[in-house]
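# Descriptive structure summary
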Amino acid sequence: MSAGLPGGLPRGGQRRRLALAGVGGAVAKGRDFTRRALRDWGWDGTETAEDALLLVSELLTNASLHADGCRELVLTAGETLRIEVCDGTSDLPRLHPAPRRGMPGGHGLHIVERLSDRWGTQPHEHGKAVWAEIEVARLVSGRPAAR
């Protein structure tokens, strides 16, 4: 029998999708969906799991505010946890210069950059996906990224 991935996942990993087009409360629904997945995969209860929930919140909020709304949240568990938020515009997100301290807004992608091991965008037929990844070793150990 072949060994699985950390957290008891099968070698091929697992993917979960949550449709969000036209759904109210997408950020809260996405966080709950992600919390359940992390628990099922044995990656909950750590500081890094909280980072993953914050990444979901930031990506969903950005799609809601700046990209014609959220269409879908996709979580892929394998060698990494990949969080993808699909939206309805091909406009690429921009990492603005450092936002002013104490001022609201402009922090989202800075948070994504800080908490993820890598992030980016991928165009698709009806818009794009903005994704972020966290290495499984961090989820298992619960340690934050070394910066």
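Residues numbered from 1 in each chain as written. Predicted model: local features only at pLDDT ≥ 70, side-chain atom pairs only at ≥ 80, totals over all residues. Heavy atoms only, no water.

### Digging into the packing of aromatic side chains
Quick reminder of the rule: The aromatic pairing rule takes the rings of Phe, Tyr and Trp, using the six-membered ring of Trp, and pairs them if the centres are within 6.5 Å, calling planes under 30 degrees apart stacked, those over 60 edge-to-face and the rest tilted. Consider the ring centre and the ring normal. A charge sits over the ring if Lys NZ or Arg CZ is within 6 Å of that centre and within 35 degrees of that normal.
What the rule picks out here adds up to 1 aromatic pair. Seen from the ring of Trp131, Arg82 lies directly overhead, with NZ or CZ sitting 4.2 Å from the centre.

### Quick look at the sheet that holds strand S2 (residues 70-77)
Which entries qualify depends on this criterion: Strands are treated as partners if at least two bridges between them are detected by DSSP. Numbering goes from the N terminus for both helices and strands, where a helix is a DSSP run of H or I of at least four residues and a strand is a run of E of at least two. Between N-to-C directions, angles span 0 to 180 degrees; the directions come from axes that are lines fitted to C-alpha atoms, helices contributing only their stretch in contact. Contacts are assigned to residue pairs that have any heavy atoms within 4.5 Å of one another.
Taking strand neighbours across the sheet as the criterion, the 5 strands line up as S1-S2-S3-S5-S4 in an open arrangement whose pairing is antiparallel. At either margin of the open sheet sits one strand with a lone partner, and together these are strand S1 (14-19) and strand S4 (118-124). Here the strands of the sheet are splayed against their neighbours by 20 degrees on average, with no regard to which way each runs. Sheet analysis places S4 next to strand S5 (residues 127-135), joined by 7 bridges and oriented antiparallel. Bridge pairing in S5 links His124 to Gly127. Lying on the sheet, helix H1 (residues 26-40) is in contact with S1, S2 and strand S3 (80-87); it crosses S1 at an angle near 160 degrees.

### Things to note about the packing of H1 against helix H2 (residues 47-66)
Stated precisely, the cut-off is as follows: Put simply, angles under 35 degrees are roughly parallel, angles over 145 are roughly antiparallel, angles from 65 to 115 are roughly perpendicular, and the rest are oblique. Should the near helix be turned anticlockwise from the far one by less than a right angle, the crossing is termed left-handed; should it be turned clockwise, right-handed.
Contact geometry of H1 with H2 gives a least axis separation of 9 Å together with a crossing angle of 150 degrees. Considering the angle they form, H1 stands roughly antiparallel to H2. Where H1 crosses over H2, the handedness of that crossing is right-handed. Counting all contacts with H1, which are made through Ala26, Val27, Gly30, Arg31, Thr34, Arg35 and Leu38, the residues of H2 involved are Ala49, Ala52, Leu53, Leu54, Val56, Ser57, Leu60 and Thr61.

### Here we look at the pairing of S3
Rule in force here: We call a residue buried when its accessible area falls under 20% of the maximum for its residue type, exposed when it is over 50%, and partly exposed in between, using a 1.4 Å probe and counting protein chains only.
Most of S3 is tucked away, with 8 of its 8 residues classed as buried. Where burial is concerned, the two faces of S3 agree: the one with Thr80, Arg82, Glu84 and Cys86 and the one with Leu81, Ile83, Val85 and Asp87 are both buried. Sheet topology note: the S2/S3 ladder contains 7 bridges and is antiparallel. Considered in S3, the bridge of Ala77 is made with Leu81. The antiparallel hairpin formed by S2 and S3 contains 2 residues in its connecting segment. Of the strand pairs in this sheet, S3 and S5 are connected by 8 bridges, and their pairing is antiparallel. Pairing of Val85 across the sheet is with Val130, part of S5.

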